[in-house]
Protein chains: 2
Amino acid sequence: MPPLQAYHRNLDYTYAPGLFPTLEALTKQSHLVRRVLISSSINNSEGLRQIQKLCEENRIRMETADKMLGKISGKENCFAAAVVSKHSQPLYGNTRHLVLHQPSDKGNMGTILRSALGFSFQDIAIVTPSADVYDPHVIRACMGAMFSLRIQEFDSFEQYHKAFPGHHLYPFMLDGSVPLAEAVNSVLHPHSLIMGNEGAGLPADFKEKGTPVRIPHSDAIDSLNLAVAASIGMYAFSQAEK
Amino acid sequence: MPPLQAYHRNLDYTYAPGLFPTLEALTKQSHLVRRVLISSSINNSEGLRQIQKLCEENRIRMETADKMLGKISGKENCFAAAVVSKHSQPLYGNTRHLVLHQPSDKGNMGTILRSALGFSFQDIAIVTPSADVYDPHVIRACMGAMFSLRIQEFDSFEQYHKAFPGHHLYPFMLDGSVPLAEAVNSVLHPHSLIMGNEGAGLPADFKEKGTPVRIPHSDAIDSLNLAVAASIGMYAFSQAEK
């Protein structure tokens with residue numbers, strides 16, 4: 001294997017920085033883990049012992065790599081990182097989907113993936129152009145949740161919709177005609193919650209697609225944070241299906 | 001007025017960085033704005049014209065201050081900032097409250113304040129020690145929402161509770177006994193939603209206080225992001241009161 005490089009989008013691998021994301025990668029997707037980097041200043045903790053055990057079981061190499069860990073994590077302390085092959089997984093056809101339309105913020109993306117796993121939205125479509133879902137910042141922000149999700153990128157919303165024509169669409173829009181509580185009172189299955197970009201939201205023509213949903217809030221704010229809006233939407237839909 | 005200093009917690013003023021937060025400060029709390037800093041590279045935009053108009057109307061000094069703007073905003077571009085006196089406002093006694101118990105992340109805090117304004121929780125108690133709610137990062141993350149909220153700090157939860165003994169308490173806990181949807185089916189007024197620290201949550205003895213609430217999510221994640229949990233809680237309670 002050639003020497004590791006600082007992360008950039010065109011690499012075919014990424015880094016899962018932090019003890020917890022490293023453990024998630026080793027537990028959920030060990031076949032994708034190429035090696036594990038460890039800081040020379042790591043404490044002899046329970047987390048380290050678990051990492052060592054999983055690396056031994058799966059014959060994954062562990063190595064001390066302080067310089068690369070510094071590059072990966074920037075200012076934050078980082079005691080371990082898994083080197084993980086990038087791996088797109090086709091979405092399941094009969095499950096509920098979350099569609100992120102051109103999201104641009106890595107922190108939001110990570111927070112959304114963590115909520116998605118919590119609310120059992122395990123199939124995530126990302127319509128590009130978007131922030132790089134494999135960026136180590138996303139993996140850190142999602143606490144490794146992405147290793148338990150199926151994530152597939154699409155060049156356009158039309159491409160997604162052609163692949164899953166049977167999904168009822170719930171685009172979330174500031175001027176959506178149906179309040180969230182009403183939408184979840186009569187949910188159609190299977191379905192896709194669709195979230196727009198942080199700044200621009202969804203294009204206006206999404207109002208013609210399926211059931212446009214509005215999260216009611218006061219006029220005192222322009223909009224909710226994207227990760228907040230997506231999480232409220234997934235929470236409400238996950239409640240409806242009980 | 002002595003020369004401006006880079007932000008630190010002991011100053012009696014703070015900075016609202018960005019065009020939108022600057023406008024919010026000028027619109028909602030002009031009596032607290034000491035002056036407005038402008039970048040020499042600012043575009044002649046609608047935002048700038050509004051700032052100029054509000055400064056003239058309120059006799060607030062505008063000045064070019066590239067170096068200080070760089071210090072305030074770090075890596076991000078920042079074309080304007082309001083210099084704002086810190087100002088704690090006693091909470092109202094008959095309204096719903098959001099209580100943040102020792103929150104430690106500035107970004108989360110800002111996102112929560114933005115959601116709080118959107119869901120009409122205008123009274124925010126912060127139990128210290130906590131991240132500095134007046135930090136410019138918080139003001140940026142909340143998009144200036146804090147200038148429309150009453151925010152009061154308390155040295156302990158007991159101090160808060162003594163001040164508002166009539167509020168029914170809803171502590172949010174991973175092992176709360178009442179699912180959120182059930183709690184909002186029979187809301188007691190006035191009430192306080194209580195959110196714990198990002199890492200530690202609320203101390204275990206909050207289970208004995210009021211109605212401990214759980215946001216149901218799968219075991220696949222340890223917990224939701226704090227800003228997400230607080231926002232889901234406020235959304236659900238704001239729905240219940242219609």
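Per chain, the residues get numbers from 1 upward, laid out in the order the sequence is written. Chain letters and ligand numbers both follow the written order, the letters beginning at A and the numbers at 1. Per-residue local features are limited, in this predicted model, to residues with pLDDT of at least 70; the limit for side-chain atom pairs, both in listing and counting, is 80 or more; totals at the level of whole chains, interfaces and linings are taken over all residues. Side-chain descriptors were evaluated using all non-hydrogen atoms of the structure, hydrogens and water having been removed beforehand.

A.B. asks: Could you give me a rundown of the domain arrangement of chain A, with the residues and numbers involved?
C.D. replies: All names here are of chain A. Partitioning chain A into domains gives domain 1 (13–85) and domain 2 (97–240). Segment limits for the domains were obtained from an automatic or database-derived domain assignment. Relative to domain 2, the C-alpha centre of domain 1 lies at a distance of 30 Å. It only takes one pair of heavy atoms within 4.5 Å for two residues to be counted as in contact. On the side of domain 2, nine residues touch domain 1, which itself brings 16 residues to the contact. Two parts placed together each lose some accessible area under a 1.4 Å probe, and the buried area is that loss summed for both. Carbon and sulfur atoms supply 62% of the area buried between domain 1 and domain 2, which totals about 1000 Å² over both sides. Considering only the side of domain 1, the residues that lose the most area to domain 2 are T14, P17 and P21, jointly responsible for 35% of the buried surface there. By definition, a salt bridge exists where a carboxyl oxygen of Asp or Glu is found within 4 Å of a side-chain nitrogen of Lys or Arg. One can count zero salt bridges joining domain 1 with domain 2. Here a polar contact is recorded for every N or O atom pair within 3.5 Å, except that within protein the pair must consist of a potential hydrogen donor and a potential acceptor, and residues adjacent in sequence are included only if both atoms are side-chain atoms. The tally of links from domain 1 across to domain 2 stands at two residue pairs in polar contact (both at pLDDT 80 or more). Breaking the side of domain 1 that touches domain 2 down by element, the ones donating at least two residues are β1 (13–17), α1 (19–28) and α3 (66–73). Every helix listed is a DSSP run of H or I at least four residues long, and every strand listed is a run of E at least two residues long, numbered separately from the N terminus. The element that contributes the greatest number of residues to the side of domain 1 that touches domain 2 is α1, accounting for five residues.

A.B. asks: Lay out the interface of chain A and chain B with the relevant residues and their values.
C.D. replies: Contact with chain A, which involves 27 residues of that partner, is made by 27 residues of chain B. Of the roughly 2300 Å² buried between chain A and chain B on both sides combined, carbon and sulfur atoms contribute 64%. At the surface where chain A touches chain B, the tally comes to zero salt bridges. The interface formed by chain A and chain B includes eight residue pairs in polar contact (both at pLDDT 80 or more). The element contributing the most residues to the side of chain A that touches chain B is helix α8 (residues 226–240) of chain A, with six residues.

A.B. asks: Which residues make up helix α4 (residues 106–118) of chain B, and what are the values?
C.D. replies: A helix's residues, less one, multiplied by 1.5 Å, set its expected span. In this model, α4(B) (13 residues) spans 19 Å end to end at C-alpha, consistent with the 18 Å of a helix rising 1.5 Å per residue. With eleven of 13 residues buried, α4(B) lies mostly within the body of the structure. Note on classification: 1.4 Å probe, protein chains only; a residue is buried when its accessible area is under 20% of the maximum for its type, exposed when over 50%, partly exposed between these limits. Three or more residues of α4(B) are buried, namely B:N108, B:M109, B:G110, B:T111, B:I112, B:L113, B:R114, B:S115, B:A116, B:L117 and B:G118. Buried residues along α4(B) sit against α8 of chain A together with β5 (97–101), β6 (123–127), α5 (136–141), β7 (150–154) and α8 (226–240) of chain B. Residue B:D105 occupies the N-cap position of α4(B), its side-chain oxygen lying 3.0 Å from the main-chain nitrogen of B:G107. At the C-terminal side of α4(B), B:S120 shows a positive phi close to 60°.

A.B. asks: So, the nonpolar core: which residues are in play, and what are the values?
C.D. replies: Buried Ala, Val, Leu, Ile, Met, Phe, Trp, Tyr and Cys residues form a nonpolar core when they are joined through side-chain atoms within 4.5 Å. Counting 150 residues, the largest nonpolar core has A:L180, A:F237 and B:L180 as the members making the most contacts within it. The contacts of A:F237, once residues within four sequence positions are left out, are A:R96, A:F121, A:Y170, A:F172, A:L180, A:A183, A:V184, A:V187, A:H191 and A:L193.

A.B. asks: Can you lay out the relation of the copies chain A and chain B for me, pointing to particular residues and giving the numbers?
C.D. replies: Superposition of the copies used a least-squares fit over C-alpha atoms from residues whose pLDDT is at least 70 in both. The two copies are related by a screw operation: chain A maps onto chain B through 180° of rotation and 0.0 Å of translation along the axis, at an RMSD of 0.0 Å. Taken together, the rotation and translation relating the two chain copies correspond to the operation of a two-fold axis. Comparing interface residues between copies, 100% of those in chain A also sit at the interface in chain B, which points to an isologous, same-surface contact.

A.B. asks: Lay out the pairing of strand β4 (residues 80–85) of chain A with the relevant residues and their values.
C.D. replies: Residues and elements named next belong to chain A. Within β4, six of the six residues are buried, which leaves it mostly tucked inside the rest of the structure. Side chains of β4 alternate between two faces, with A80, A82 and V84 and A81, V83 and S85 buried alike. DSSP-based pairing: two strands are paired if at least 2 bridges between them are found. Taken together, the five bridges between β1 and β4 define a ladder with antiparallel strand orientation. Residue pairing across strands places P17 opposite A81, the latter belonging to β4. Of the pairings in the sheet, the one linking strand β2 (residues 33–38) to β4 comprises five bridges and is antiparallel in character.

A.B. asks: I'd like a rundown of unusual backbone geometry, residues and numbers included.
C.D. replies: Residue and element names in this part refer to chain A. Here the bond from T128 into P129 is cis, since omega is 0°, no more than 30 degrees from zero. The topology assignment puts P129 in the loop between β6 (123–127) and α5 (136–141). One non-glycine residue with positive phi stands out, namely Q102, at about 55°. Looking at the element boundaries, Q102 is found in the loop between β5 (97–101) and α4 (106–118).

A.B. asks: So what's going on with the environment of A:M234? Which residues, and what values?
C.D. replies: All names here are of chain A. Tracing the backbone through its elements, the reader meets M234 in helix α8. The exposure class of M234 is buried, given its relative accessible area of 0%. M234 sits 115 residues away from F119 along the chain, and the two C-alpha atoms are 6.2 Å apart. Each residue touching M234, except ones within four places of it in the same chain, is listed here: L98, I112, S115, A116, F119, F121 and L193.

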